[in-house]
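# Structure assessment
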Amino acid sequence: MSGTDRRLPESRTGWKKTAVVAVPALAAVAAMATAMAQGALAASFAVSGTNFQVQSGKLTSKGLSSFVQTDRSVDGKGHPVSLLGIGEARLSDICQAASVPTPLGDVVFKLTAGGGAGEVTASELVIDGEDLVGNATFGTAQIGRDASTLDQVPGVKGEAGRFGLQAGDITVAGVRSHAWSATGGNFRLPGLRLNVSLDGKKCF
């Protein structure tokens, strides 16, 4: 039998054929990993049916990008949010709390960090919030910019035609927000405390 007519046994793998399939798949995985690292897929997961509080005495960042989108929970219900991308976040302290119904009653899940233990930091922080309250100072701001052209925070941009805004250096004192999700890379949470209690006290 000639080399051109020889067939591989069923138990062997045709590596050339496998490579043709594997290379695009690996490229797609690599692209997804890069996008996740840049925050582009930050809100692609299904959110829970419970929003949560976020509070900080002071938040600073080198940049901010924001646009409106819809988060969805597993039951398909939509939650309109403002996706807020923060380039290099530094927080004097942080408190996150959610009230969760259980057979025993409402349980408060609460996470705190920072304060006397040191600053909380996170790179490419993305918060999907319903609101944001605080005293803010922005650097150069662009309000009404097309969300697909946002470039202040790497990887944080929306669909073409969608309303967006961005700004340079920002400082927000007295931060209070209700959010559906928060993601980020390289979180540093000194003095981390996590508490779960019946009828516990939330952040505000």
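The present account deals with the structure reproduced in this document. (Residues numbered from 1 in each chain as written. Predicted model: local features only at pLDDT ≥ 70, side-chain atom pairs only at ≥ 80, totals over all residues. Heavy atoms only, no water.)

## Some points on the side chain of serine 61
Mapped onto the secondary structure, serine 61 falls in strand 1 (residues 52–61). Judged by its relative accessible area of 7%, serine 61 is buried. Side-chain polar atoms of serine 61 contact the backbone oxygen of glycine 63, separated by 2.8 Å. Here serine 61 is in contact with Ile86, Gly87, Glu88, Gly168, Asp169 and Ile170, once residues within four sequence places are set aside. (Helix = DSSP H or I, 4+ residues; strand = E, 2+ residues; numbered from the N terminus. Buried < 20%, exposed > 50% of the residue type's maximum accessible area, 1.4 Å probe, protein only. Polar contact = N/O pair within 3.5 Å; in protein donor to acceptor, adjacent residues only side chain to side chain. Contact = heavy atoms within 4.5 Å.)

## A few points about the pattern of salt bridges
Counting across every chain of the model gives three salt bridges. A salt bridge links arginine 90 to glutamate 119; the shortest N-O distance between them is 2.7 Å. Remark: glutamate 119 occurs in the loop between strand 5 (105–114) and strand 6 (120–138) and arginine 90 occurs in strand 3 (residues 78–91); sequence separation between them is 29 residues. According to the relative accessible area criterion, arginine 90 is partly exposed, its value standing at 43%. (Salt bridge = Lys/Arg side-chain N within 4 Å of Asp/Glu carboxyl O.)

## Digging into the pairing of strand 10 (residues 193–198)
Strand 10 sits mainly on the outside: zero of its six residues count as buried. Relative to strand 10, strand 5 runs antiparallel, the two sharing six bridges. Within strand 10, the position partnered with phenylalanine 109 by the bridge is valine 196. (Pairing = 2+ DSSP bridges.)

Everything listed here is a matter of geometry and, on its own, says nothing about what the molecule does.
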